[in-house]
Amino acid sequence: MKMALAPLLLLLLWTESTLSYNQKRILGGYDCAATERLYHVHLYKHHNTFTSEYVCGGSLIHAQWVLTAAKCYFPKDKKGWEVHVHVGVHGGQQVTEIPISEIQWFHDDENIRDGEIILLKLQSAVPDGITPVSLPECDDKGQPTVALKSIQLAGHILSTKRLVGWQKDVESKNLLCVDMNVVPCPEPSMFCPFKIGSLKNNLCYKGKGKDAGKGDSGGGVVDKASNTIYGVHLEDDSTACGTPPRSFNVCTQIKQIKKNIGLEKKK
């Protein structure tokens, strides 16, 4: 009898932790200054009936290129849904909707598609006044040349609005920033049902009373002092497993990123 109850107990604990995670938003954060993170963008899925829904955040790394999480994008489907990028979403700017003209996937050393980040090319350059975030300096092993001690994460996150008999995710009014300390990423565990991927591809962070969650995917993980992007935040079930939030380490794909956007150094 005790053995039969064990799987049920584990299932209840997993369900409770997952529900708790799914209701999270940025904690311990603050309103981003009006002059910072002007490169932050929104990804919306639009329908041909003029309906739209918020999907993810992203970062302009070039006047015509957005870096975000791969799961934030999907091609136009049979129902008429497709993803567009909204720029000028912070700092009192004029919000501009720009369609996507090109998609660039990434591949690892064995030419296998890496499904965690993606580059989206915009049909037109962003308006004047929006400066892209800087790309990092990286070594030959795909790691930052500086020792990161802290990072800043931001997002127009989703918070849960409870109504009678149902609940709805709503977009926050302001862009929120949160500062966290960089920490070692944990080793994958058989007890965690999510895929953490290769450790070299991850950048992990945490802070007392601080967290990131639903709706923050795709946002840039930056060094605030140098205004440099080092990661793309990935929303997964890591919090449910008690592990810190994580992002994809941009340095592991820096050569391909620069090549795709035309910044590769000539030999």
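For the structure, check the block above.
Residues numbered from 1 in each chain as written. Predicted model: local features only at pLDDT ≥ 70, side-chain atom pairs only at ≥ 80, totals over all residues. Heavy atoms only, no water.

Further remarks concern the overall build of the protein. A count of helices and strands for the protein gives 2 helices and 15 strands. By the burial criterion, 45% of the 267 residues in the protein qualify as buried. The long-range fraction of contacts in the protein, counting pairs at least 24 apart against all pairs at least 6 apart in sequence, stands at 66%. Accessible surface, the protein as shown: approximately 14500 Å² in total, 54% of it carbon and sulfur. (Helix = DSSP H or I, 4+ residues; strand = E, 2+ residues; numbered from the N terminus. Buried < 20%, exposed > 50% of the residue type's maximum accessible area, 1.4 Å probe, protein only. Contact = heavy atoms within 4.5 Å. Areas by Shrake-Rupley, 256 points an atom, 1.4 Å probe, with all protein chains shown as cover.)

To continue, consider the state of the cysteines. As enumerated under the stated definition, the model contains 4 disulfides in all. Across the disulfide, Cys32 is cross-linked to Cys177 (sulfur-sulfur distance 2.0 Å). Between Cys32 and Cys177, the S-S dihedral sits near 115°, and the bridge is therefore right-handed. With Cys32 in the loop between β1 (30–31) and β2 (40–46) and Cys177 in strand β11 (residues 176–183), this residue pair connects regions lying 145 residues apart in the sequence. Pair check on accessibility: Cys32 and Cys177 agree, each one buried. (Disulfide = S-S within 2.5 Å.)

With that settled, the discussion passes to the side chain of Ser247. Relative to the helices and strands, Ser247 is located in strand β15 (residues 246–249). Classification of Ser247 by relative accessible area gives buried; the value is 0%. For Ser247, the contacting residues outside a window of four places in its chain are Asn201, Asn202, Leu203, Tyr205, Val221, Gly231, Val232, His233 and Leu234.

Glancing now at the pattern of salt bridges. Under the defined criterion, the tally for this structure stands at 2 salt bridges. The residue Lys45 makes a salt bridge to Glu53 at a minimum N-O spacing of 3.5 Å. Between Arg246 and Glu116 there is a salt bridge, and its shortest N-O distance comes to 3.1 Å. Taken together, the residues Arg246 in strand β15 and Glu116 in strand β7 (residues 113–122) connect sequence positions 130 residues apart. Here Glu116 falls in the partly exposed class, since its relative accessible area comes to 22%. (Salt bridge = Lys/Arg side-chain N within 4 Å of Asp/Glu carboxyl O.)

Once that is clear, we can look at the packing of aromatic side chains. In total, this model carries 1 aromatic pair according to the counting rule given. A cation over a ring is seen here: Lys45 above Trp81, with NZ or CZ 5.2 Å from the ring centre. (Phe/Tyr/Trp six-rings, centres within 6.5 Å; stacked < 30°, edge-to-face > 60°. Lys NZ or Arg CZ within 6 Å of the ring centre and 35° of its normal.)

Counting residues in hydrophobic clusters, the biggest one holds 39 residues, and the most contacted among them are Leu60, Ile61, Leu67, Val87 and Ile257. Going through the elements one at a time, β2, β3 (52–62), β4 (65–69), β5 (82–87), β6 (96–107), β7, β14 (228–234) and α2 (254–260) are the ones with two or more residues in this core. With 5 residues, β7 is the single largest residue contributor to this core. With 10 residues, the next largest nonpolar core counts Leu148, Ile151, Val178 and Ala212 among its residues. (Core = buried A, V, L, I, M, F, W, Y, C linked by side-chain atoms within 4.5 Å.)

Moving on, we come to the pairing of strand β12 (residues 202–206). Across the 5 residues of β12, 4 count as buried, placing the element largely inside the fold. In this sheet, β12 lies alongside β11 in antiparallel orientation, the contact comprising 3 bridges. Within the sheet, the bridge partner assigned to Val183 lies in β12 and is Cys204. Direction of pairing for β12 relative to β15: antiparallel, over a ladder of 3 bridges. Among the inter-strand pairings, Cys204 is bridged to a residue of β15, identified as Arg246. (Pairing = 2+ DSSP bridges.)

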